[in-house]
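Residue-level structure breakdown
These are the residues of each chain, in order.
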Amino acid sequence: MTQVDFADTAETSAAPAVAPGVPKMAAQGVNVFYGEKQAIRDVSIDVNMENVTAFIGPSGCGKSTFLRTLNRMNDTVASARVEGLITLDGENIYDKTMDVVQLRARVGMVFQKPNPFPKSIYENVAYGPRIHGLARAKGDMDQIVERSLKRAGLWEEVKDRLQDSGTALSGGQQQRLCIARAIAVDPEVILMDEPCSALDPIATAKIEELIHELRGRYAIVIVTHNMQQAARVSQRTAFFHLGTLIEYGETDQIFTAPRQERTKDYITGRYG
Amino acid sequence: MNLYALLFLVTGLGVIAWLTGRARAARYGAASKHRLHSLPGQHGLYVAMWTVIPALFFVIIWSIFTPNLATEAVLRDPQAFALPAFGYEREAVLNEIRARAAGSEYGFYPAAEQLAPVYLQASRFYSWIGTGIAILLAFACGAFAYTRIRADFRARTRVERTVMLALLVASLIAILTTLGIFLSLLFESLRFFAMVPITDFLFGTTWSPQVIDPADPGATLGAVPLFWGTFFIGAVIAMLVAIPFGLMSAIYLTQYAKPVVRKWMKPMLEILAGVPTVVYGYFAALTVGPAIRDFAVSLGFTYASSESALAAGLVMGVMIIPFVSSMADDSIAAVPSAMRDGSLAMGATSSETIRKVLLPAALPGVVAGVLLAVSRAIGETMIVVMAASGAANITANPFESATTVTKQIVDLLTGEAEFDSPKTLAAFALGLTLFLITFLLNIVALRVVKKYREAYD
């Protein structure tokens, strides 16, 4: 299993307010409204390829809402409205010329509750590549499925029963299947919305291990309510409270020397 | 004594029982150190129930038997020995006696006029006896209940149990009625099958009940053309209309329509289900049928009929749309939104998501909805009576005329009918077969629905 080398994060921590290096995704002055209610207030944040970025904060602080703006999943909520600028490789993702289908192929998502389709394991992974026409030759799809399942650390467990239903797997396996499904279309960014909140500790450990392995290949943003998890898997941490971004910095710094009083109160369990 | 007066009297006794029971319980409550187990009103209800229910039960039973007892009395009368001994004539005279006793002035048989006063007298006599017994019963049972009242008597639980029994009886009535319908169909059908071999009926391909050869009635009573017509109109043509339109409107309403649009469109679609079928019948017979005939003639079918299978099937399909649509709507809405989000987050478009994720997941519910719709369509009568033809053809040409089981049942049973000829009894055999088919369809549909409900739990 991969040993995580925290040393390399030390080299890239020059500016604490934004992530170092070229940002993969950047948000500037983002506001989100559900009808009249404002859920996100003026959030600016950068996400880069090298790091796993964690969003933490108490329930209802807007961390999941903000995550869903990054691949425009809030479009599916009729009353939601997003203001501000969010870019992917410098391109405005809310621009009229941006095709949401292509955006979501580049920015994948894993949900809180494992949601495999009621299809076979193979078809679950092949779903995205089929939609986007990624497999040209006949054997390509088999290769994509195998590679994705291997990257998701599920191949050894399911290689003999690829035609079984994806819903017949255990919760942790289902969630890794959903990760395999997301990486099958070769995205650049993977958003994870509390991916372990419905899993037991062993399955959670496997997912966390997987996140370590995927790091560097994809820009990963993970929302979690579990501070230990944020500390274990991420190199950058953003703390949200009441719809605003309170503090964003290196994970070590956020957990050991928070600059904001509210961050410190949350970390030490004063509220949340 | 008049039945209504008796009911009124028993009800009055019930009210009195309620008041006295309540008063007695209240006295016990005041005298006792302990609290009453049940409220005084519940004790009152308990006494009232004992007073009213057995008496009413007796009245109902008695009023069923009184006419028979009175008829017996008439037959014991010396004048009755002159009546015809058996058969329909004897029954006719007895019926006339009863009619005269009930106040009718007109009659055919002189014997009836003589015997009517005897009948009247006998039935008055039995009615007084019945009244006496009913009142005695009310008092006796009421008194029994009254004496049982104590401070610790559990009147509440007994009242509750009675209410439960009443509800059980109410629900059994529907079930027993279904059973009764089935049995009456079964017995009449058995009489039919005693005259016509069941194989002739089920596999015969000639249906023409107007010309029945008494030596071989089965030769022209083959039901295959009818079941083919029913299947062709109800399960093929109607479903070709109802499934696509029902499904697509359900998809639009659940996936695309804004809440405001949905709020208006859904009830409007459901209005279709509330249109009386006879109105669809006019529409099919007067508007759609002739239009289809003209269209068929323009295509070169010179013998096209305005009573075509297509006209009846199309209109029936429109009638069925709301059934398919509302079942499909429910089952699509029951697919967890996580499935939809998962697919959209993969970059699938809305229509890809519907085609590849939502519909496969909702399929069992949709299939069940379609099966229920089919069973409703093949049992549908009014549209086919008005718009389909009586000609029993086995044809797959929708412009030709076809007939259905329900239409033939109506034709067989309307007009002059003798209830012991194979022609009339065939209606019951058809009804029984149709009943069994829709029954099976419903069972299969309910099983499918049940299985699919478990899928996401």
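Everything numeric here is computed off the predicted structure, so don't read it as measured data. (Residues numbered from 1 in each chain as written. Chains lettered and ligands numbered in written order. Predicted model: local features only at pLDDT ≥ 70, side-chain atom pairs only at ≥ 80, totals over all residues. Heavy atoms only, no water.)

1. Focus: the overall build of chain B
- Along the backbone of chain B there are 15 helices and zero strands.
- For 457 residues, the compact-globule formula gives about 23 Å, and the C-alpha radius of gyration of chain B, at 31 Å, lies well above that figure.
- Projecting the C-alpha coordinates of chain B onto the three principal axes gives extents of approximately 85 × 75 × 35 Å.
- When each of the 457 residues of chain B is scored for burial, the buried share is 41%.
- For chain B, contacts bridging at least 24 residues in sequence account for 71% of all contacts bridging at least 6. (Helix = DSSP H or I, 4+ residues; strand = E, 2+ residues; numbered from the N terminus. Rg over C-alpha atoms; globule rule 2.2 N^0.38 Å. Buried < 20%, exposed > 50% of the residue type's maximum accessible area, 1.4 Å probe, protein only. Contact = heavy atoms within 4.5 Å.)

2. So, empty space enclosed by the protein
All names here are of chain B.
- All told, the structure shown has three cavities of 30 Å³ or more when counted by the stated rule.
- Quantified by volume, the largest cavity comes out at close to 50 Å³.
- Residue lining of the largest cavity: Gln255, Tyr256, Arg340, Leu344, Ser350, Thr353 and Ile354, and that is the complete set.
- Mapped by element, the contributors of at least two residues to the lining of the largest cavity are helix H7 (224–256), helix H11 (337–345) and helix H12 (350–379).
- The element that contributes the greatest number of residues to the lining of the largest cavity is H12, accounting for three residues.
- Partitioned by chemical class, the residues of the lining of the largest cavity number three nonpolar, three polar and one charged. (1 Å grid on protein atoms, 1.4 Å probe; cavity = no way out; pocket = protein on both sides within 12 Å on 5 of 7 lines; lining within 4 Å. Points joined across faces, edges and corners; volume = space filled by probe spheres on them. Nonpolar A, V, L, I, M, F, W, Y, C, P; charged D, E, K, R; others polar.)

3. Focus: the sheet that holds strand S6 (residues 107–110) of chain A
Residue and element names in this part refer to chain A.
- The sheet built from six strands is open, its strands ordered S6-S7-S8-S3-S9-S10 with mixed pairing. With one partner strand each, in any of the chains shown, S6 and strand S10 (244–250) form the two edges of the open sheet. This sheet shows a mean twist of 20° between the axes of neighbouring strands, independent of strand direction.
- Note that strand S3 (residues 52–56) and strand S8 (residues 219–223) share four bridges and pair parallel. Note that in S8 the partner of Ala54 across the bridge is Ile222.
- Packing of helix H7 (residues 171–183) onto the sheet brings it into contact with S6 and strand S7 (189–193), and relative to S6 it is tilted by some 170°. (Pairing = 2+ DSSP bridges. Axes fitted to C-alpha atoms, helices over the stretch in contact; angles between N-to-C directions.)

4. Concerning the pairing of S3(A)
All names here are of chain A.
- Counting buried positions over the five residues of S3 gives five, a clear majority of the element.
- Across the two faces of S3 the burial is the same, with Val52, Ala54 and Ile56 and Thr53 and Phe55 all buried.
- Note: S3 against strand S9 (residues 236–241), four bridges, orientation parallel. Its bridge partner lying in S9, Ala54 is registered against Thr237.

5. A few points about the interface of chain A and chain B
- Counting residues at the interface gives 21 residues for chain A, matched by 17 residues for chain B.
- Each partner contributes to the roughly 1,600 Å² buried at the junction of chain A and chain B, and carbon and sulfur atoms together form 66% of this total.
- Inspection of the chain A/chain B interface yields four residue pairs in polar contact (both at pLDDT 80 or more).
- Secondary structure elements with two or more residues in the side of chain A that touches chain B: helix H3 (100–106), S6, helix H4 (121–131) and H7 of chain A.
- The element that contributes the greatest number of residues to the side of chain A that touches chain B is H4(A), accounting for three residues.
- Here the side of chain A that touches chain B is composed, by residue class, of 12 nonpolar, five polar and four charged. (Buried area = accessible area lost by both parts, 1.4 Å probe. Polar contact = N/O pair within 3.5 Å; in protein donor to acceptor, adjacent residues only side chain to side chain.)

6. A look at the pattern of salt bridges
Residue and element names in this part refer to chain A.
- On inspection of all chains with the given rule, the structure shows 18 salt bridges over all chains.
- For Lys63, the salt bridge identified is with Glu194, shortest N-O distance 4.0 Å. On the criterion of sequence distance, the pair formed by Lys63 in helix H2 (residues 63–69) and Glu194 in the loop between S7 and helix H8 (201–214) is long-range, its members being 131 residues apart. Taken as a pair, Lys63 and Glu194 share a single burial class, namely buried.
- The network of salt bridges with common partners includes Lys24, Asp89, Glu91, Arg106 and Glu188. (Salt bridge = Lys/Arg side-chain N within 4 Å of Asp/Glu carboxyl O.)

7. Describing the nonpolar core
- In this structure, Phe192(B), Ile233(B), Met239(B), Met316(B), Ile320(B) and Leu430(B) are the most contacted members of the largest nonpolar core, which totals 81 residues.
- Once residues within four sequence positions are removed from consideration, Met239(B) is found in contact with Gly234(B), Pro244(B), Ile320(B), Val370(B), Ala373(B), Val374(B) and Ala377(B).
- By size, the runner-up hydrophobic cluster in this structure holds 44 residues, among which are Ile56(A), Tyr122(A), Leu149(A) and Trp155(A). (Core = buried A, V, L, I, M, F, W, Y, C linked by side-chain atoms within 4.5 Å.)

8. A few points about the environment of Met49(B)
Residue and element names in this part refer to chain B.
- Along the polypeptide, Met49 turns up in helix H2 (residues 40–76).
- Each C-alpha atom of the pair Met49 and Gly142 lies 8.1 Å from the other, and the pair is 93 residues apart in sequence.
- Apart from the residues within four sequence positions on either side, Met49 is in contact with Pro54, Val159, Thr162 and Val163.

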